[in-house]
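Survey of secondary and tertiary structure
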Amino acid sequence: MLKLQDYIAWISVDGQPLDTYAVETSMVTNEVTCWIPSEAGKEFSVHCQNLSAPGLNTIGAFVYIDGQGCHGSLFERWNVNHTVKFSHAFVSDRITKSFVFSTVRLTDEDEFADVSSADLGQIQVRVCKVALGEYYDPAQNQLQTEHKVHERSKKAVTHCVGLGNETMIPQTMLRKSQCIGQPLAKFTFKYRDRNLLKANGIIPVPTPLKRKASQEIIDLTVNDVQAGSSRSYDPVRGEQHSQRTKETEHRSKKVKQEQKPGVFVEVIDLT
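The following paragraphs examine the structure supplied in this document. The structure presented is a predicted model; accordingly, all values stated were derived computationally and were not measured. (Residues numbered from 1 in each chain as written. Predicted model: local features only at pLDDT ≥ 70, side-chain atom pairs only at ≥ 80, totals over all residues. Heavy atoms only, no water.)

**Let's talk about the overall build of the protein chain**
- Secondary structure assignment for the protein chain yields three helices and 18 strands.
- The 271 residues of the protein chain split such that 34% are buried. (Helix = DSSP H or I, 4+ residues; strand = E, 2+ residues; numbered from the N terminus. Buried < 20%, exposed > 50% of the residue type's maximum accessible area, 1.4 Å probe, protein only.)

**Remarks on the pattern of salt bridges**
- According to the stated counting rule, one finds two salt bridges in the structure shown.
- Ionic pairing is found between Lys-42 and Asp-14, a salt bridge with its closest N-O pair at 2.8 Å. Here Lys-42, found in the loop between β5 (31–38) and β6 (45–50), pairs with Asp-14, found in the loop between β2 (7–13) and β3 (16–17); they are 28 residues apart in sequence, far enough to count as distant.
- Judged by relative accessible area, which is 26%, Lys-42 ranks as partly exposed.
- For Glu-134, the salt bridge goes to Lys-176, with nearest N and O atoms at 3.6 Å. Placement of the pair is Glu-134 in strand β13 (residues 122–136) and Lys-176 in strand β16 (residues 174–193), with a sequence separation of 42 residues.
- Using a relative accessible area of 39% as the deciding quantity, one classes Lys-176 as partly exposed. (Salt bridge = Lys/Arg side-chain N within 4 Å of Asp/Glu carboxyl O.)

**As for the sheet that holds β13**
- With mixed pairing, the six strands of this open sheet are ordered in space as β4-β5-β16-β13-β7-β8. The sheet is open, and its two edges are formed by β4 (21–26) and β8 (68–74), each paired on a single side. Within the sheet, the average angular offset between the axes of one strand and its neighbour, ignoring direction, is 35°.
- Pairing of β13 with β16, which is carried by 12 bridges, proceeds in the antiparallel orientation. The residue bridging Tyr-136 from the neighbouring strand is Leu-174, located in β16. (Pairing = 2+ DSSP bridges. Axes fitted to C-alpha atoms, helices over the stretch in contact; angles between N-to-C directions.)

**What to know about the packing of aromatic side chains**
- Using the criterion set out here, one finds four aromatic pairs in the structure.
- A centroid spacing of 4.4 Å and a plane angle of 20° characterise the contact between Phe-44 and Phe-101, whose relative ring orientation is stacked. Highlighted residues: Phe-44 in the loop between β5 and β6 and Phe-101 in strand β11 (residues 95–103), separated in sequence by 57 residues.
- With a relative accessible area of 3%, Phe-44 lands in the buried category.
- Residues Phe-101 and Tyr-191 carry aromatic rings whose centres are separated by 5.2 Å and whose planes lie at 50° to one another, so their mutual orientation is tilted. (Phe/Tyr/Trp six-rings, centres within 6.5 Å; stacked < 30°, edge-to-face > 60°.)

**Some thoughts on unusual backbone geometry**
- Despite not being glycine, Ala-22 shows a phi value in the positive range, around 50°.
- Following the sequence through the fold, Ala-22 ends up in strand β4.
- Assessed through its relative accessible area of 43%, Ala-22 is described here as partly exposed.
- Unlike most non-glycine residues, Asn-30 shows phi in positive territory, near 55°.
- Take Asn-30: it is sitting in the loop between β4 and β5.
- Relative accessible area serves as the criterion here: at 14%, Asn-30 is assigned to the buried category.

Encoded structure:
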């Protein structure tokens, strides 16, 4: 989540806020910028909360998708901690479609070689004092979701925002609004594929723990004490068992005599 003064903004996937990375804040422009991981095919929603005390000003939050103005919502003037949510784009006055992360289409057409894509890969929330205007049909505010990037482009943008599932709604009209003065807060979420963020050091990658080499020493010589102990606890077998024990001891001594001085060991490396 991002916070600036009395306002908080975040983006959720599967009902959970996404983690933010490399957060930067500028009090000069009232802007907070960060990076978030995106996954193609995942629907998302944008949230903004107003923590300020009730007042007389009309304040709204407005969403910009890949540089395009989408739509906004007004905070309830007397409702402390009011949160507005954006999860769909209007395609008509009766139909909306969900926001979804999509894959950018690459092209080798030269007409796209010099096209600026500075705002592609960004979701922005602006909080402003507003003056309200006339009502209008949401169909006038279509979101462009077909994006092409030239394959020679050096900007590593692989995702964009597309539209997903369709929802029927009651007939709706939107109201035009104009921001008054500088935004009270501006939240910019730069989204990229998670692996790309890791490769560029934006998402920290845990350092793998190095396993220390260990050794296990196994003594292959016969344990004379143990053999003797076994003999004392087997009175039923009597002399027969004793004879086998003596033979074992004899072979053990013979093996020891044939070995070179020192103890024979086997080393097992578990690394």
